[in-house]
There are 2 protein chains.
Amino acid sequence: MEKVKIPRATAKRLPLYYRYLIILSESGKEKVSSTELSDAVQVDSASIRRDFSYFGALGKRGYGYDVKNLLGFFKKILNQDTLTNVALVGVGNLGHALLNYNFKRSNNIRISCAFDIDKNITGRILSGVPVYDMSELKQQLSDQQISIAVLTVPSLHAQKTADEMFEAGIQGIMNFTPIRISAPANVRVQNVDLATELQTLIYFLDSDKQDH
Amino acid sequence: MEKVKIPRATAKRLPLYYRYLIILSESGKEKVSSTELSDAVQVDSASIRRDFSYFGALGKRGYGYDVKNLLGFFKKILNQDTLTNVALVGVGNLGHALLNYNFKRSNNIRISCAFDIDKNITGRILSGVPVYDMSELKQQLSDQQISIAVLTVPSLHAQKTADEMFEAGIQGIMNFTPIRISAPANVRVQNVDLATELQTLIYFLDSDKQDH
DNA sequence: TCATTTATGTGCATGAATGAACAAATAGAA
DNA sequence: TTCTATTTGTTCATTCATGCACATAAATGA
């Protein structure tokens, strides 16, 4: 499926639209307007229309968007018609929770293998997912054709582990450690920094308070 | 401590700076330049300097920034000199993992109480944190003077639960559910959407591939 | 003391993202 | 068929964020 060059901000919103389209579709709705969608996803309606328009004229004036059409379209755009397997590196508290997290329902993603160095965990199957020793990383990623991994190891091992992952051919990392890992130019790293997010929330709350 | 009006983007980076300053301080470093910091946090050095300059001239030309000074300054700016207690609503897989997550070490944050509706969990202490029934929400938040909560309930209960939280006086929510909850104007909601982040990463990887 | 190096603080140009506003087109009612 | 209400697709102005580039100032060494 050929893809259009779209702004980063738009790309980030696509999965959000997709999820709400599923909800609409399941509740039997046939059409939806950008205003309705705007209420649900909390994005300005003009932005929604522009986002959609990057892919061509998907709607009808005076009517709105056909839910089924739109859903089918986004399914292809987001590669939701095929299952994407990802790896999990580091089966601690957070890693364990992610193993149980259902990425499959509204996104077609599955954690299909996990890695750790703790001999008490490796060689077993946790929440339906086999846990391998780190030494098997390269082999397994190659066998299962996995190019994306979730990184949930302790901060201290973050960079070292990431280097092993690059070596094993990983193309994208969702980094849950608070360390900003340095990566080769061709690898994409998405940082999810829980403590920082919470800290930022606190900061904004305090400054809200002082505005009055 | 009176605060300066600073851009949103800067505010989001402050906790990141703070964390690296701690690391630098612990490793015994006395001074740091914006260029050095830039390598570590992966933010342009000019941006770092501008971020710092919102708070006045904190550095010395030809020298850099004094780590101890800077650290002390940010500690106050970010309210890190006092412990911030937050609540956790929904003790499922993810909630449980967050209970074990150490927000205290580099950020001075602690989950001091949790809430759920499952009678098998409520009334017990998990990972050192007491778990109450949802009916006790208002009372406990008031008793413990908590205004911030982490929301990790199933999607289906997200809005309903959030409404209860507003009723109980919550001011800020870190929302881990994929639902965009609607909230009163005076409440801040920070969305952390794991599946969407992963989906976005996959999208960008695919489009990277097609660029060549 | 003086020259050189280092590194800050900021002006400026560029680019991205947003949301208001509106013309064009369609739906649906009369 | 005709008219009105609706809703898209897009233009435009504005705001926000970024990073280059450089004047300014301090530190260091000769």
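As the structure is a computational prediction, the values presented were derived from the model and not from experiment.

## Here's the deal with the pattern of salt bridges
Any two side chains of opposite charge can pair, on the condition that their charged atoms come close. Residues and elements named next belong to chain B. Scanning the entire structure with this criterion turns up 12 salt bridges over all chains. The salt bridge partner of Asp51 is Arg13, with a shortest N-O separation of 2.7 Å. Of this pair, Asp51 sits in helix H3 (residues 45-53) while Arg13 is found in helix H1 (residues 8-26), placing the two residues 38 residues apart along the sequence. On the basis of relative accessibility, which here comes to 21%, the residue Arg13 falls in the partly exposed class. Here Lys29 ties to Glu36 by a salt bridge, and the two come within 2.7 Å at their closest N and O atoms. Note on Glu36: relative accessible area 34%, which makes it partly exposed.

## Observations concerning the relation of the copies chain B and chain A
Copy one and copy two of the chain differ by a rotation about an axis and a translation along that axis. Overlaying chain B on chain A yields an RMSD of 0.1 Å, the required transformation being a rotation through 180° with an accompanying axial translation of 0.0 Å. What the superposition gives is, in effect, a two-fold axis relating one chain to the other. Using C-alpha coordinates, one finds that chain B approaches the rotation axis most closely at Ala97(B), a distance of 3.0 Å.

## Quick word on the nonpolar core
Soluble globular proteins: nonpolar side chains tend toward being buried together. Membership of the largest hydrophobic core comes to 52 residues, with the highest contact counts inside it found for Leu98(A), Leu194(A) and Leu194(B). Excluding its chain neighbours within four sequence positions, the residues that come into contact with Leu98(A) are Leu88(A), Phe103(A), Ile111(A), Val150(A), Thr152(A), Phe176(A) and Leu194(B).

## Brief notes about the protein's contact with DNA strand C
The environment of DNA strand C is made up of 26 residues, and the closest members are Arg50(A), Ser34(B), Arg49(B), Arg50(B) and Tyr65(B). With respect to DNA strand C, the backbone of Ala9(A) contributes an N or O atom lying 3.2 Å from a phosphate oxygen. The contact in question runs from a base oxygen of DNA strand C to an N or O atom on the side chain of Arg50(A), over 2.5 Å. For the surface near DNA strand C, the secondary-structure elements that each account for two or more residues are helix H1 (8-26) and helix H3 (45-53) of chain A together with H3 of chain B.

## A closer look at the layout of surface pockets
The space that makes up the largest pocket amounts to roughly 1400 Å³. The wall of the largest pocket is formed by 39 residues, among which Lys12(A), Glu197(A), Lys12(B), Asn191(B) and Glu197(B) lie closest to the centre. Here the residues of the lining of the largest pocket are counted per class, giving 15 nonpolar, 10 polar and 14 charged.

## Here's the deal with the domain arrangement of chain A
Interfaces are often described in size by the accessible area the parts lose on coming together. Residues and elements named next belong to chain A. The assigned domain composition of chain A is domain 1 (8-77) and domain 2 (84-195). The gap between the C-alpha centroids of domain 1 and domain 2 is 32 Å. In this complex, domain 1 contributes six residues to the contact, which on the side of domain 2 involves four residues. Roughly 380 Å² is buried in total at the junction of domain 1 and domain 2, and carbon and sulfur atoms are behind 33% of that figure. Our count for the domain 1 to domain 2 interface comes out at one salt bridge. Residue Arg105 is joined to Glu26 by a salt bridge in which the shortest nitrogen-to-oxygen separation is 3.6 Å. Along the contact surface separating domain 1 from domain 2 lie zero residue pairs in polar contact (both at pLDDT 80 or more). The class makeup of the residues in the side of domain 1 that touches domain 2 is three nonpolar, no polar and three charged.

## Considerations on the protein's contact with DNA strand D
Near DNA strand D you find 26 residues, and of these Ser34(A), Arg49(A), Arg50(A), Tyr65(A) and Arg61(B) are the closest. Take the atoms of DNA strand D that sit within 4 Å of the protein: sugar and phosphate atoms are 61% of them. In the environment of DNA strand D, a phosphate oxygen lies 2.8 Å from a nitrogen or oxygen atom belonging to the side chain of Tyr65(A). Side-chain polar atom of Arg13(B) to a phosphate oxygen of DNA strand D: 3.0 Å apart, as the coordinates give it. Contributions of two or more residues to the surface near DNA strand D are made by H3, strand S2 (59-60) and strand S3 (64-66) of chain A together with H1 and H3 of chain B. When residues of the surface near DNA strand D are assigned to their parent elements, the largest contribution, four residues, is made by H3(B). Tallied by class, residues from the surface near DNA strand D come to seven nonpolar, eight polar and 11 charged.

The rules behind each value
- Residues numbered from 1 in each chain as written.
- Chains lettered and ligands numbered in written order.
- Predicted model: local features only at pLDDT ≥ 70, side-chain atom pairs only at ≥ 80, totals over all residues.
- Heavy atoms only, no water.
- Salt bridge = Lys/Arg side-chain N within 4 Å of Asp/Glu carboxyl O.
- Helix = DSSP H or I, 4+ residues; strand = E, 2+ residues; numbered from the N terminus.
- Buried < 20%, exposed > 50% of the residue type's maximum accessible area, 1.4 Å probe, protein only.
- Least-squares fit on C-alpha atoms with pLDDT ≥ 70 in both.
- Core = buried A, V, L, I, M, F, W, Y, C linked by side-chain atoms within 4.5 Å.
- Contact = heavy atoms within 4.5 Å.
- Near = heavy atom within 4 Å.
- Polar contact = N/O pair within 3.5 Å; in protein donor to acceptor, adjacent residues only side chain to side chain.
- 1 Å grid on protein atoms, 1.4 Å probe; cavity = no way out; pocket = protein on both sides within 12 Å on 5 of 7 lines; lining within 4 Å.
- Points joined across faces, edges and corners; volume = space filled by probe spheres on them.
- Nonpolar A, V, L, I, M, F, W, Y, C, P; charged D, E, K, R; others polar.
- Domains from an automatic or database assignment.
- Buried area = accessible area lost by both parts, 1.4 Å probe.

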